[in-house]
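Residue-level listing of the chains:
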Amino acid sequence: MKTISTNRSFGGTQGVYEHDAQATKTPMRFSVYVPDAAKDARLPVVMFLSGLTCTEQNFTTKAGAQRAASEHGLILLAPDTSPRVEGVADDEDYDLGQGAGFYVNATEAPWSAHYRMYDYVTSELIDLVRTHFAADVDRLGVMGHSMGGHGALVVALKDPERFKSVSAFAPICHPSVVPWGKKAFAAYLGADEAAWRAYDACALIEGGARQSKILVDQGAADNFLADGQLRPEDLEAACAAAGQPLELHRREGYDHSYYFIAPFVDAHLAHHAAILKA
């Protein structure tokens, strides 16, 4: 593992690292924030999955989450959104290929050679933070934004024994029925829409998947909400029908950017801390 950078922040250390990932068969970068409290005890971890076009840097540098993580005694982990080196399949559009991994294990060529982000974030990356940062990954939460909000909901619903807490900002709630998801799933998973349901939060809930509680914040002025890409109303309906606890906030005036995430990230980390440290 190669250290790219380290910086002091809010009584902790923010680092960025690179390693050769087995899941993607490429170098991958990720960031880890470790509060000083980790010197005396193994701390729980909250993983943040970013959205389309983003890298590990977006959440790390824009959300201002380090202060709350230090106060709550949480390690923050933020991976890149896809493999992105020369020779890895890509597309000219921003919503497919490099920067748009959708946190699935691709089964279709040419994507299947490297796009195995589900395995990467649910297994390999967790083992890394356990080994190199003495993290308590038995107390693990996940959160995300947009495409990463979709990823957070999916990995938490598919494996609630591993991911004990979950939250999302403006997630793609029902990817099987929206343009972003249809395009990505058709490319990565093929034409059989039955395979898409394994990576669709609404379908997973309809199929019996559960979490202790889902927290979602959605900006009411989000242009992608108006475009029908996010569909929080579908998640709300699926949770209501299934009896899945959901706390959904519609934030008036807020858009899809980190100007929306930053004001509410402390509340999300408090949500994770309450569950992970109970």
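This section reports on the structure supplied with the text.

Basis of the calculations
- Residues numbered from 1 in each chain as written.
- Predicted model: local features only at pLDDT ≥ 70, side-chain atom pairs only at ≥ 80, totals over all residues.
- Heavy atoms only, no water.
- Core = buried A, V, L, I, M, F, W, Y, C linked by side-chain atoms within 4.5 Å.
- Buried < 20%, exposed > 50% of the residue type's maximum accessible area, 1.4 Å probe, protein only.
- Helix = DSSP H or I, 4+ residues; strand = E, 2+ residues; numbered from the N terminus.
- Contact = heavy atoms within 4.5 Å.
- Phe/Tyr/Trp six-rings, centres within 6.5 Å; stacked < 30°, edge-to-face > 60°.
- Lys NZ or Arg CZ within 6 Å of the ring centre and 35° of its normal.
- Pairing = 2+ DSSP bridges.
- Axes fitted to C-alpha atoms, helices over the stretch in contact; angles between N-to-C directions.

### A word on the nonpolar core
Phe 102 and Tyr 188 are the most contacted members of the largest nonpolar core, which totals 92 residues. Element by element, the count of residues in this core is highest for helix 3 (residues 117-133), at 9 residues. Among all residues touching Tyr 188, those that are not within four sequence positions of it are Leu 96, Gly 97, Ala 100, Gly 101, Phe 102, Val 104, Ala 106, Thr 107, Glu 108, Trp 111 and Tyr 115.

### Digging into the packing of aromatic side chains
As enumerated under the stated definition, the model contains 14 aromatic pairs in all. Geometrically, the ring pair formed by Tyr 254 and Phe 260 is tilted, given 6.2 Å between the ring centres and 50° between the ring planes. Here a set of aromatic residues connected by ring pairs shows up, and it is made of Phe 169, Tyr 254, Phe 260 and Phe 264. Its end group placed over the ring of Tyr 118, Lys 158 keeps NZ or CZ at 5.6 Å from the ring centre. Above the face of the Tyr 199 ring, Lys 158 is positioned so that its terminal group lies 5.4 Å from the ring centre.

### Structural notes on the environment of Ala 273
Summarising the element assignment, Ala 273 is placed in helix 10 (residues 258-276). We classify Ala 273 as buried; its relative accessible area is 8%. Spatially, the C-alpha atom of Ala 273 lies 22 Å from that of Ser 146, the residues being 127 residues apart in sequence. When residues no more than four places from it in sequence are discounted, the contact partners of Ala 273 are His 72, Leu 74 and Ala 278.

### Some remarks on the pairing of strand 5 (residues 75-79)
When you tally the buried positions in strand 5, you get 5 out of 5 residues, the bulk of the element. Pairing geometry for strand 3 (residues 26-35) and strand 5, over 4 bridges, is antiparallel. Looking across to strand 5, one finds that Tyr 33 is bridged to Leu 76.

### Some thoughts on the sheet that holds strand 9 (residues 246-251)
Across the sheet, which stays open at both edges, the 9 strands sit in the order 1-2-3-5-4-6-7-8-9 with mixed pairing between neighbours. The open sheet has two edge strands, strand 1 (2-8) and strand 9, and neither has a second partner. Strand after strand, the sheet turns through a mean of 15° between neighbouring axes, direction not considered. Bridging between strand 6 (residues 140-145) and strand 7 (residues 163-169) involves 6 bridges; their strand directions are parallel. When the bridges of strand 7 are listed, Val 142 appears paired with Val 166. Across the sheet, helix 4 (residues 147-158) touches strand 4 (45-49), strand 6, strand 7 and strand 8 (214-219), and the angle it forms with strand 6 is around 150°. Each of strand 4, strand 5, strand 6, strand 7, strand 8 and strand 9 touches helix 10; the most contacted strand, strand 7, lies at about 165° to it.

Everything listed here is a matter of coordinates, which is why it stays silent on function.
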